[in-house]
Amino acid sequence: KLRPASFCKDSCYLPPLRYPAVCPIKSSTVAEEYQYIIHGGKNPNNELSDKLYILNIASKVNKKFTFRCIEKELVGEIPEARYGHTVNVVHSQGKKMIVIIGGRSYMAPGQRTTENWNRVVDCMPLIFLVDPEFGCCTSYVVSELQNGFSFHVSLTRNDTIYIIGGHSIETNTRPPNLCKIKIDLPIGSPAVNCCVLSGGISVSSAILTQVKENEFVIVGGYHSDNQKRLVCNTINLDDNKIEIVEREAP
């Protein structure tokens, strides 16, 4: 049942966005419960956003929710405006970091002509780490990610992110990607490591949801531009091992 919701007076404006990256911030404190990160996306004018918002529930009275939205100011190597990407939060050694991967953007202004003015390209295959407290951004290059991709799915467990599927606009393919990205957060500079695993699946624009502590489900998406994906998959995580198996579709 849908109920009306409003934003508190000290909330910033949250524009209507298509294809932004969204993820929850898991926290052990009740005060920080129900926090979500929203990054990027397309606005109604087809302009791309490079903004990062933090959304939380300011109050709940008689089942009526009041939200607070804060725009986080970013500094450093800021990710370019994009859509079709993913954002995750990793936890390592008592610290947490926002991770932005993949997506699409418009061609650089210097490369645009009248014919390709609205052409989009896959973003560079960089991994961006964003400090959730200070908004400091740092980009990392990993040799395992050679090509850009978008509309993939991702899941996180502690300090590890798994990237599954995705679409390459350059080759118009959906390779069966399965990448494991481990992020250590010691005192000093973070360490980012990536390895390519076997057993991936070809999928884009799917929905991924967590059903148990170590079990996720992938529903929907596309095999190709004109072929919807009618199978579902269960993802099992166990001791940093990942297994993707087909399951009965609803």
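Remember, it's a predicted structure, so these values are computed and weren't measured experimentally.

1. Describing the environment of Leu74
Line of reasoning, step 1. Take Leu74: it is sitting in the loop between strand 5 (64-72) and strand 6 (75-76).
Line of reasoning, step 2. In this structure the C-alpha to C-alpha distance between Leu74 and Gly84, which are 10 residues apart in sequence, comes to 20 Å.
Line of reasoning, step 3. Every residue in contact with Leu74, bar those within four places of it in the chain, is listed here: Asp50, Leu52, Val130, Gly135 and Cys137.

2. Section: the sheet that holds strand 4 (residues 52-61)
Line of reasoning, step 1. Across the sheet, which stays open at both edges, the five strands sit in the order 1-5-4-3-2 with mixed pairing between neighbours. Of all strands in the sheet, those bounded by a partner on one side alone are strand 1 (5-7) and strand 2 (21-25). The average angle at which neighbouring strand axes cross in this sheet is 30°, direction not considered.
Line of reasoning, step 2. As judged from the five bridges shared by strand 2 and strand 3 (residues 35-39), these two strands associate in the antiparallel manner. Looking at the pairing, Ile25 lines up with Gln35 of strand 3.

3. Examining the sheet that holds strand 6
Line of reasoning, step 1. Spatially, five strands are ordered 6-12-11-8-7 in an open sheet, and the strand pairing comes out mixed. Single-partner strands in this sheet number two, and they are strand 6 and strand 7 (86-92).
Line of reasoning, step 2. Where strand 6 meets strand 12 (residues 136-141), two bridges bridge the pair, whose relative direction is parallel. Counted as the bridge partner of Val75 is Cys136 from strand 12.

4. What about a positive patch on the surface?
Line of reasoning, step 1. A cluster of basic side chains, namely Lys1, Arg3, Lys60 and Lys63, defines a positive patch on the protein surface.
Line of reasoning, step 2. Structurally, Lys1 can be placed in the segment before strand 1.
Line of reasoning, step 3. Judged by relative accessible area, Lys1 falls into the exposed class, the value being 89%.

Parameters at a glance
- Residues numbered from 1 in each chain as written.
- Predicted model: local features only at pLDDT ≥ 70, side-chain atom pairs only at ≥ 80, totals over all residues.
- Heavy atoms only, no water.
- Helix = DSSP H or I, 4+ residues; strand = E, 2+ residues; numbered from the N terminus.
- Contact = heavy atoms within 4.5 Å.
- Pairing = 2+ DSSP bridges.
- Axes fitted to C-alpha atoms, helices over the stretch in contact; angles between N-to-C directions.
- Patch = residues over 30% accessible without salt bridge, like charges linked within 9 Å, V, L, I, M, F, W, Y side chains within 5 Å.
- Areas by Shrake-Rupley, 256 points an atom, 1.4 Å probe, with all protein chains shown as cover.
- Salt bridge = Lys/Arg side-chain N within 4 Å of Asp/Glu carboxyl O.
- Lys, Arg positive; Asp, Glu negative; His and termini not counted.
- Charge placed at Lys NZ, Arg CZ, Asp CG, Glu CD.
- Buried < 20%, exposed > 50% of the residue type's maximum accessible area, 1.4 Å probe, protein only.

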